[in-house]
Amino acid sequence: LQYGLIAEEVADAVPHLAAFNAQGTPETVKYHLLPSFLLAGYQAQQNTIAAQAQKIEAQADQLRQQKEVNASLEARLAQADLQKFEHMMAKRAAH
């Protein structure tokens with residue numbers, strides 16, 4: 001089984017990979033240029049993936065830090081609520 005590319009579609013997407021006849025119509029695909037073109041695209045894609053992975057890791061670190069801050073604030077708020085309740089109960093007991 002063999003696969004081929006349609007010269008007109010290649011010319012629309014990536015004109016430098018198509019060979020044109022004298023009338024300017026796409027005639028064939030420059031298959032010899034295809035591997036380096038695909039490799040460049042693959043490398044660019046891998047760079048994008050690596051950058052996204054770094055961004056995701058940085059966001060995960062930031063989320064962990066925010067969760068720690070939230071937990072600390074929740075503990076402080078619970079402690080303040082407890083102190084307020086104890087103060088209110090002490091005032092009632094004094095009356």
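Here the structure is shown first, and the text comes after it.
All values derive from a computational prediction rather than experimental measurement.

Of regular secondary structure, the protein possesses two helices and two strands. Helices (α) and strands (β) of the protein occur, in sequence order from the N terminus, as α-β-β-α. Over its C-alpha trace the protein gives a radius of gyration of 33 Å, far above what one expects of a compact globule, namely 12 Å for 95 residues. Each principal axis of the C-alpha atoms in the protein carries an extent, and together these give about 105 × 25 × 20 Å. Residues counted as buried form 9% of the 95 residues belonging to the protein. Taking the contacts inside the protein whose residues are at least 6 apart along the sequence as the reference set, 10% of them involve residues at least 24 apart. Split by element, the accessible area of the protein, about 8300 Å² in all, is 58% carbon and sulfur. Charge centroids of the protein, computed over 8 positive and 10 negative side chains, lie 20 Å from each other.

Another aspect to go through is the pattern of salt bridges. One pass over the full model with this rule turns up two salt bridges. A salt bridge links R64 to E57, with the shortest nitrogen-to-oxygen separation between them at 3.2 Å. Between D61 and R64 there is a salt bridge, with the nearest N and O atoms lying 2.1 Å from each other. With D61 and R64 both in helix α2 (residues 34-94), this residue pair falls three residues apart, about one helical turn. What you see here is one network of salt bridges that share partners, running through E57, D61 and R64.

Generally speaking, nonpolar side chains in soluble globular proteins are found buried as a group. Membership of the largest hydrophobic core is limited to eight residues, which are A7, V10, A11, V14, L17, A18, V29 and L34. Per element, the largest residue contribution to this core is three residues, and it comes from helix α1 (residues 7-13).

Bringing the environment of V29 into the picture now. Take V29: it is sitting in strand β2 (residues 26-29). Note on V29: relative accessible area 5%, which makes it buried. Spatially, the C-alpha atoms of V29 and Y42 are 20 Å apart, while their sequence positions differ by 13 residues. Those residues in contact with V29 that sit more than four places away from it in its chain are L5, I6, A7, V10, L17 and A18.

Residues L82, F85, M88 and M89 make up a contiguous nonpolar surface patch of roughly 350 Å² in combined accessible area. Inspection of the secondary structure assignment puts F85 in helix α2.

Note that I6 resides in the segment before α1. What makes I6 partly exposed here is its relative accessible area of 46%. In this structure, the C-alpha to C-alpha distance between I6 and F85, residues 79 residues apart in sequence, is 78 Å.

Parameters at a glance
Residues numbered from 1 in each chain as written. Predicted model: local features only at pLDDT ≥ 70, side-chain atom pairs only at ≥ 80, totals over all residues. Heavy atoms only, no water. Helix = DSSP H or I, 4+ residues; strand = E, 2+ residues; numbered from the N terminus. Rg over C-alpha atoms; globule rule 2.2 N^0.38 Å. Buried < 20%, exposed > 50% of the residue type's maximum accessible area, 1.4 Å probe, protein only. Contact = heavy atoms within 4.5 Å. Areas by Shrake-Rupley, 256 points an atom, 1.4 Å probe, with all protein chains shown as cover. Lys, Arg positive; Asp, Glu negative; His and termini not counted. Charge placed at Lys NZ, Arg CZ, Asp CG, Glu CD. Salt bridge = Lys/Arg side-chain N within 4 Å of Asp/Glu carboxyl O. Core = buried A, V, L, I, M, F, W, Y, C linked by side-chain atoms within 4.5 Å. Patch = residues over 30% accessible without salt bridge, like charges linked within 9 Å, V, L, I, M, F, W, Y side chains within 5 Å.

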